[in-house]
There are 2 protein chains.
Amino acid sequence: MKISQETHTSHISQRFNEELEEIRSQLLEMGGLVEQQVKDAVHSLVEGDTHLASEVKKKDKKVNLLQVEIDEVCTHILARRQPAASDLRLVLAVIRATSDLERIGDEASKIAKATLRLAEEGSSPRGYIEARHLGSHVRQMVQDALNAFARFDTAQALAVLREDDTVDLEYRSATRALITFMMEDPRSISQVMNIMWVLRSLERVGDHASNLAEYVIYLVEGEDVRYTKPEKIEKVVMHQDELEPPQLGQSSEDEGESKE
Amino acid sequence: MKISQETHTSHISQRFNEELEEIRSQLLEMGGLVEQQVKDAVHSLVEGDTHLASEVKKKDKKVNLLQVEIDEVCTHILARRQPAASDLRLVLAVIRATSDLERIGDEASKIAKATLRLAEEGSSPRGYIEARHLGSHVRQMVQDALNAFARFDTAQALAVLREDDTVDLEYRSATRALITFMMEDPRSISQVMNIMWVLRSLERVGDHASNLAEYVIYLVEGEDVRYTKPEKIEKVVMHQDELEPPQLGQSSEDEGESKE
């Protein structure tokens, strides 16, 4: 059995359950907004749509605001509810996740700025196909990581971590091609460089999606898998299927943590 | 009066004080290591010292390990001590700060990799002076932000935030110069691009140092100043001098937070 939304209702305080559910759904709302920002930013770049690019830049303020709001709710929960075990992990995972979502939002905003610069300087003769391809790949990673968060699904989280290697390969191959192109057509360097920064931003989005996936595994398994090789993470995740998972909303002291 | 190390000793539980002091000193240890990594990485680049670059890459594992260790101690403190008010803020500030320090470590590692690539491809005809200059600037920001953390010094934190605008200007002027150079000497594009990524990494280090400075202000003032303009932050910091600051190690419910 996976930890699921239903297990929340078993918590002793109904209001506490609601608060935990609230930060989780706020996080997913923020995630949905950020995912749309990446999509719109890449679309604005590929289509040269400066109006959409300006919208993305504007909406980044909303992303930032959401982070501050969610972090505030999390801090209040820590201070007032003093959660333990899996409840504590949920709050910490949400705090870490808002930070990555905010940085994905930043990258989307940087891409939108590249759209606006290219509209002034004249469009790049190369790189849009690569940006669209890498963009749709990392946007899918963000979506999958958020779905994994929504369903406490460690198998999907593991799939996201695996995907990141492919993204890195695609990124390197795209930048190599653009460097070769610039050497052949040096007059276009300034424009192509804008696309180079966009590709870098997209590669970073993939990294942040991977971080989100790691928090899902931390949340469900109680193991910090950052800097752990995928094969080892797989063992952690597979192990889960044989065990009764910790239930959210119990605040049990089942991890040897005792109050003083 | 500023919050200082001495105020810890006023806490009701001597062991709790020691734990808070421990995460603070561990954070500063991690900070010192990361600052040295940035210094060594830039030195390896400028001097073409591949041995030093390999050392930086190796030591990044230690940085990652320190983050996991400190985060674990923080999680235990949250679960067992259930800190409130300024104690809670200290723990949350440390958790956020380890994340930024780890990312600064990542950027140092990326710079070391650029050193190794340039040793293979042949050195870049331009950009080392810019990298050294920007490198020493952002390294100083990291050092100042850590000092601000060590002394709970919001005035120094504010100075770090101001510095970031200068770094952004330097970064933009350096990349513009390199783009112009590449247009004149397209055969060197591949080498110069390595320096372009290094400059980008250094600019990111400046961003992370700013984040650290924001956590110091959050810790001392209890206000989340992310996405706040420096002029407004200044008001928050100046206001502090007229008020009795919250004391660390009190876990008082002085922020309207009540237990249920």
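Our subject is the structure that appears above.
Residues numbered from 1 in each chain as written. Chains lettered and ligands numbered in written order. Predicted model: local features only at pLDDT ≥ 70, side-chain atom pairs only at ≥ 80, totals over all residues. Heavy atoms only, no water.

K.L.:
If you had to explain the relation of the copies chain A and chain B to someone new, which residues and values would you point to?
P.N.:
Of the transformation superimposing chain A on chain B, the axial component is 0.0 Å and the angular component is 180°, with the fit at an RMSD of 0.0 Å. This pairing of chains is accounted for by a two-fold axis. A share of 98% of interface residues in chain A that are also interface residues in chain B marks the association as one of identical surfaces. (Least-squares fit on C-alpha atoms with pLDDT ≥ 70 in both. Contact = heavy atoms within 4.5 Å.)

K.L.:
Break down the state of the cysteines for me, citing the residues and quoting the values.
P.N.:
Per the stated rule, a full pass over the model turns up 0 disulfides over all chains. Here C74 of chain A stays unpaired: no disulfide links it, and the sulfur of C74 of chain B, its closest cysteine neighbor, is 16 Å away. Judged by relative accessible area, which is 0%, C74 of chain B ranks as buried. (Disulfide = S-S within 2.5 Å. Buried < 20%, exposed > 50% of the residue type's maximum accessible area, 1.4 Å probe, protein only.)

K.L.:
I'd love a proper account of the packing of aromatic side chains, names of residues and values included.
P.N.:
Evaluated as defined, the whole model comprises 1 aromatic pair over all chains. Seen in terms of ring centroids, W197 of chain A and W197 of chain B are 5.3 Å apart; in terms of plane orientation they differ by 85°. Their pairing is edge-to-face. Taken as a pair, W197 of chain A in helix α6 (residues 189–221) and W197 of chain B in helix α6 (residues 189–221) lie in two separate chains rather than in one. W197 of chain A sits in the buried class, given a relative accessible area of 11%. The aromatic ring of Y218 of chain A is capped on one face by R96 of chain A, whose charged end is 5.5 Å from the ring centroid. (Phe/Tyr/Trp six-rings, centres within 6.5 Å; stacked < 30°, edge-to-face > 60°. Helix = DSSP H or I, 4+ residues; strand = E, 2+ residues; numbered from the N terminus. Lys NZ or Arg CZ within 6 Å of the ring centre and 35° of its normal.)

K.L.:
With reference to specific residues and values, describe the interface of chain A and chain B.
P.N.:
Between chain A and chain B, the residue contacts involve 44 residues of the former and 43 residues of the latter. Together, the buried faces of chain A and chain B total about 4,300 Å²; carbon and sulfur atoms form 55% of this surface. Among the residues chain A hides against chain B, the three largest losses belong to R103, W197 and Y227 of chain A. Together they make up 16% of the total. Residues D71 of chain B and R226 of chain A are paired through a salt bridge, measuring 2.7 Å at the closest nitrogen-oxygen approach. The set of elements that each furnish at least two residues to the side of chain A that touches chain B consists of α2 (50–81), α3 (85–121), α5 (154–184) and α6 of chain A. Counting residues per element, the side of chain A that touches chain B draws most heavily on α6 of chain A, which supplies 12 residues. (Buried area = accessible area lost by both parts, 1.4 Å probe. Salt bridge = Lys/Arg side-chain N within 4 Å of Asp/Glu carboxyl O.)

K.L.:
Tell me what's going on with helix α3 (residues 85–121) of chain B, and back it up with residues and numbers.
P.N.:
All names here are of chain B. For α3, which comprises 37 residues, the first-to-last C-alpha distance of 54 Å matches the rise-based estimate of 54 Å (1.5 Å per residue) to within 8%. Along α3, 29 of the 37 residues are buried, which leaves the element largely enclosed by surrounding structure. Just beyond α3, the residue with positive phi is G122, at close to 100°. (Expected span 1.5 Å × (residues − 1).)

K.L.:
Quick one: what's the story with a positive patch on the surface, residue by residue and with numbers?
P.N.:
Judged by side-chain charge, K57, K61, K113 and R117 of chain A together with R172, R176 and K229 of chain B come together as a positively charged surface patch. Those elements giving two or more residues to the positive patch turn out to be α2 and α3 of chain A together with α5 (154–184) of chain B. For K229 of chain B, the location among the structural elements is in the loop between α6 and α7 (230–240). (Patch = residues over 30% accessible without salt bridge, like charges linked within 9 Å, V, L, I, M, F, W, Y side chains within 5 Å. Areas by Shrake-Rupley, 256 points an atom, 1.4 Å probe, with all protein chains shown as cover. Lys, Arg positive; Asp, Glu negative; His and termini not counted. Charge placed at Lys NZ, Arg CZ, Asp CG, Glu CD.)

K.L.:
Tell me about the pattern of salt bridges, and please be specific about residues and values.
P.N.:
Overall, the coordinates contain 29 salt bridges over all chains when judged by the stated rule. A salt bridge links R103 of chain B to D100 of chain A, with the shortest nitrogen-to-oxygen separation between them at 3.4 Å. In this pair, R103 of chain B is assigned in helix α3 and D100 of chain A in helix α3, connecting two distinct chains. We classify R103 of chain B as buried; its relative accessible area is 8%. Its relative accessible area of 0% is what places D100 of chain A among the buried residues. R126 of chain A is paired through a salt bridge with E130 of chain A; the nearest N and O atoms lie 3.0 Å apart. On the accessibility criterion, R126 of chain A (29% relative accessible area) is partly exposed. Members of the salt-bridge network, linked through shared partners, are R15, E18, E19 and R81 of chain A.

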